[in-house]
Amino acid sequence: MGLVYAIFGFIFGLVIGSFLNVVIYRVPRHLSVVSPGSMCPSCGTEIAAYDNIPVLSWLILRAKCRHCGNPISARYPLVELLTGIVFAAIGLGVGLVDIPVAWSVAVMIILCLLAAVIISIVAIQIDRRAAG
């Protein structure tokens, strides 16, 4: 059961990691994390859904915006991968414990939420220190 939770955690973590990138960029700037949708940090063009697939879009577009050609930071896929790996590890750990499925899912959700908050805070602090 741990492997199933780990695979689910990894995929879910990639998606949540993509959202965390929005949080990491917008919260320190006092911008909404809900609206507008994802956009290029250089030209402001809204990113289409097919260009917003965690990790894959960054690789396919060769780390550049489809519209302006400016580079997209490696931080974006790194946060997505880190979140996926952390969620997978949580899923694996929770899946190896002999508790009812409902409890293990609840524990996994709580731990993943906590991990997402920690990842966001650490990334925001790294950005702040890099900016001076």
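Scroll up to find the structure.
Throughout what follows, the structure given in this document is the object of discussion.

Cut-off values and rules
Residues numbered from 1 in each chain as written. Predicted model: local features only at pLDDT ≥ 70, side-chain atom pairs only at ≥ 80, totals over all residues. Heavy atoms only, no water. Axes fitted to C-alpha atoms, helices over the stretch in contact; angles between N-to-C directions. Helix = DSSP H or I, 4+ residues; strand = E, 2+ residues; numbered from the N terminus. Parallel < 35°, antiparallel > 145°, perpendicular 65-115°, else oblique. Left-handed = near helix turned anticlockwise from the far one by under 90°. Contact = heavy atoms within 4.5 Å. Nonpolar A, V, L, I, M, F, W, Y, C, P; charged D, E, K, R; others polar. Salt bridge = Lys/Arg side-chain N within 4 Å of Asp/Glu carboxyl O. Disulfide = S-S within 2.5 Å. Buried < 20%, exposed > 50% of the residue type's maximum accessible area, 1.4 Å probe, protein only. Lys, Arg positive; Asp, Glu negative; His and termini not counted. Polar contact = N/O pair within 3.5 Å; in protein donor to acceptor, adjacent residues only side chain to side chain.

## Some remarks on the packing of helix α3 (residues 75-96) against helix α4 (residues 101-131)
With their axes 10 Å apart at the nearest point, α3 and α4 run at an angle of 150 degrees to one another. With respect to α4, the element α3 is oriented roughly antiparallel. The hand of the α3/α4 crossing is right-handed. Contacts between α3 and α4 involve Arg75, Val79, Leu82, Thr83, Val86, Phe87, Ile90, Gly91 and Val94 from the former and Ser104, Val107, Met108, Leu111, Cys112, Ala115, Ala116, Ile119 and Asp127 from the latter. Considered class by class, the residues forming the contact of α3 with α4 number 13 nonpolar, three polar and two charged.

## Considerations on the pattern of salt bridges
For the structure on display, the rule yields two salt bridges. Across the pair Asp127 and Arg75 runs a salt bridge whose closest N-O atoms are separated by 2.5 Å. With Asp127 in helix α4 and Arg75 in helix α3, this pair connects stretches of sequence that are 52 residues apart.

## Details of the state of the cysteines
A covalent bond bridging the sulfur atoms of two cysteines is what the word disulfide describes. Per the counting criterion, the structure on display carries zero disulfides. Here Cys43 is not disulfide-linked; the sulfur of Cys40 is the nearest cysteine sulfur, at 3.8 Å.

## Here we look at the packing of helix α1 (residues 2-26) against α3
The geometry of α1 relative to α3 is characterised by a closest axis approach of 6 Å and an angle of 145 degrees between their N-to-C directions. Seen along the crossing, α1 lies across α3 with a hand that is right-handed. Split by residue class, the contact of α1 with α3 holds 19 nonpolar, ten polar and two charged.

## Let's talk about the side chain of Arg26
Mapped onto the fold, Arg26 is located in helix α1. The side chain of Arg26 sits in the buried core without any salt bridge; Glu46 is the nearest counter-charge, 8.2 Å away. Polar side-chain contacts of Arg26 include one of 2.9 Å to the backbone oxygen of Ser32. Of note is the side chain of Arg26, whose polar atom sits 2.8 Å from the backbone oxygen of Gly37.

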